[in-house]
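A structural walkthrough
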Amino acid sequence: MRSLIYGVFALGAIYALVLGDLWWRAREAYLQGEKYLRWHGDPEEKKRAIEEEFNRLKADLDRLSAKGRVLDNERRERLELLVVDRDEKLNESAIKYAYIWYQTCAELFSPPESVWVRRARKKMIETKEIWKAELRAKKIPFEEHMLE
């Protein structure tokens, strides 16, 4: 009987941990969507954040190079990759990423229907319409199924 009680308690604890993990991941995905939505409204904030990340990664690379852990040719290659990555992030649509993060929250982290999942479902509708308007303004052809 004692082992049955422990088993039930263990299953309950595991279930609670899984629910907590899903809630936390949904929250993080939703907040990422909010960040990208904010960046859509404020491109300068986006640029600052991406530049700060680039400068931090470049400084880390410079430190490794100064310690002799990275050879000069490898440093140049890594720096080129950092520059390409930075430029791609600057040119990517922030609203597209907002939609993708809300979609991730709503589709991957439910059930359960947490507050974050419900909010993400609402934001998905809004951001998808903004994304469509952005694509039309840039004269980029698309069909509805391409945005899913």
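Scroll up to find the structure.
Described below are features of the structure shown in this document. (Residues numbered from 1 in each chain as written. Predicted model: local features only at pLDDT ≥ 70, side-chain atom pairs only at ≥ 80, totals over all residues. Heavy atoms only, no water.)

So, about the packing of helix 1 (residues 2–41) against helix 2 (residues 43–66). Running from N to C, helix 1 and helix 2 point in directions that differ by 120°, and their axes come no closer than 5 Å. As the angle between them shows, helix 1 and helix 2 are arranged oblique. In this structure, helix 1 contributes Arg38, Trp39, His40 and Gly41 to the contact, and helix 2 contributes Pro43, Glu45, Lys46, Ala49 and Ile50. Each residue belonging to the contact of helix 1 with helix 2 can be placed in one class, and the counts come to four nonpolar, two polar and three charged. (Axes fitted to C-alpha atoms, helices over the stretch in contact; angles between N-to-C directions. Helix = DSSP H or I, 4+ residues; strand = E, 2+ residues; numbered from the N terminus. Parallel < 35°, antiparallel > 145°, perpendicular 65-115°, else oblique. Contact = heavy atoms within 4.5 Å. Nonpolar A, V, L, I, M, F, W, Y, C, P; charged D, E, K, R; others polar.)

Further remarks concern a nonpolar patch on the surface. On the surface, Met1, Leu4, Ile5 and Val8 cluster together to form a nonpolar patch covering roughly 460 Å² of accessible area. Its location among the elements puts Ile5 in helix 1. (Patch = residues over 30% accessible without salt bridge, like charges linked within 9 Å, V, L, I, M, F, W, Y side chains within 5 Å. Areas by Shrake-Rupley, 256 points an atom, 1.4 Å probe, with all protein chains shown as cover. Salt bridge = Lys/Arg side-chain N within 4 Å of Asp/Glu carboxyl O.)

For residues that are not glycine, phi is negative in most cases, and the peptide bond is trans in most cases. With an omega of -5°, the peptide bond running from Ser110 to Pro111 counts as cis. Its place among the elements puts Pro111 in the loop between helix 4 (94–108) and helix 5 (115–137). In this structure, the amide linkage connecting Pro111 to the following residue, Pro112, adopts the cis form with an omega of 5°. By secondary structure assignment, the location of Pro112 is in the loop between helix 4 and helix 5. The backbone of Lys139 shows a phi angle near 60°, a positive value even though the residue is not glycine. Of note, Lys139 is situated in the segment after helix 5.

By volume, the largest pocket amounts to about 190 Å³. Along its surface, the largest pocket is lined by 13 residues, and Tyr36, Trp39, Ile50, Glu53 and Lys89 are the ones closest to its centre. Counting residues per element, the ones that place at least two in the lining of the largest pocket are helix 1, helix 2, helix 3 (72–91) and helix 4. Residue classes in the lining of the largest pocket are distributed as six nonpolar, one polar and six charged. (1 Å grid on protein atoms, 1.4 Å probe; cavity = no way out; pocket = protein on both sides within 12 Å on 5 of 7 lines; lining within 4 Å. Points joined across faces, edges and corners; volume = space filled by probe spheres on them.)

Taken as a whole, this structure holds seven aromatic pairs when the rule is applied. Consider the rings of Tyr30 and Trp116, whose centres lie 5.5 Å apart with planes at 45°: the pair is tilted. Remark: Trp116 occurs in helix 5 and Tyr30 occurs in helix 1; sequence separation between them is 86 residues. You'll find Tyr30 and Trp116 in the same group, each marked buried. An aromatic cluster is defined as three or more aromatic residues linked by ring pairs; in this entry it consists of Trp23, Trp24, Tyr30, Tyr102 and Trp116. When the ring centre of Phe54 is taken as origin, the NZ or CZ atom of Arg86, which lies over that ring, is 4.4 Å away. (Phe/Tyr/Trp six-rings, centres within 6.5 Å; stacked < 30°, edge-to-face > 60°. Buried < 20%, exposed > 50% of the residue type's maximum accessible area, 1.4 Å probe, protein only. Lys NZ or Arg CZ within 6 Å of the ring centre and 35° of its normal.)

All right, on to the pattern of salt bridges then. On inspection of all chains with the given rule, the structure shows 18 salt bridges. A salt bridge links Asp21 to Arg25, with the shortest nitrogen-to-oxygen separation between them at 2.8 Å. Of this pair, Asp21 and Arg25 both sit in helix 1, four residues apart, which is roughly one turn of that helix. Glu53 is the salt-bridge partner of Lys89, the closest N and O atoms lying 3.0 Å from each other. Highlighted residues: Lys89 in helix 3 and Glu53 in helix 2, separated in sequence by 36 residues. A single salt-bridge network, built from bridges that share partners, covers Lys128, Glu129, Lys132, Glu144 and Glu148.

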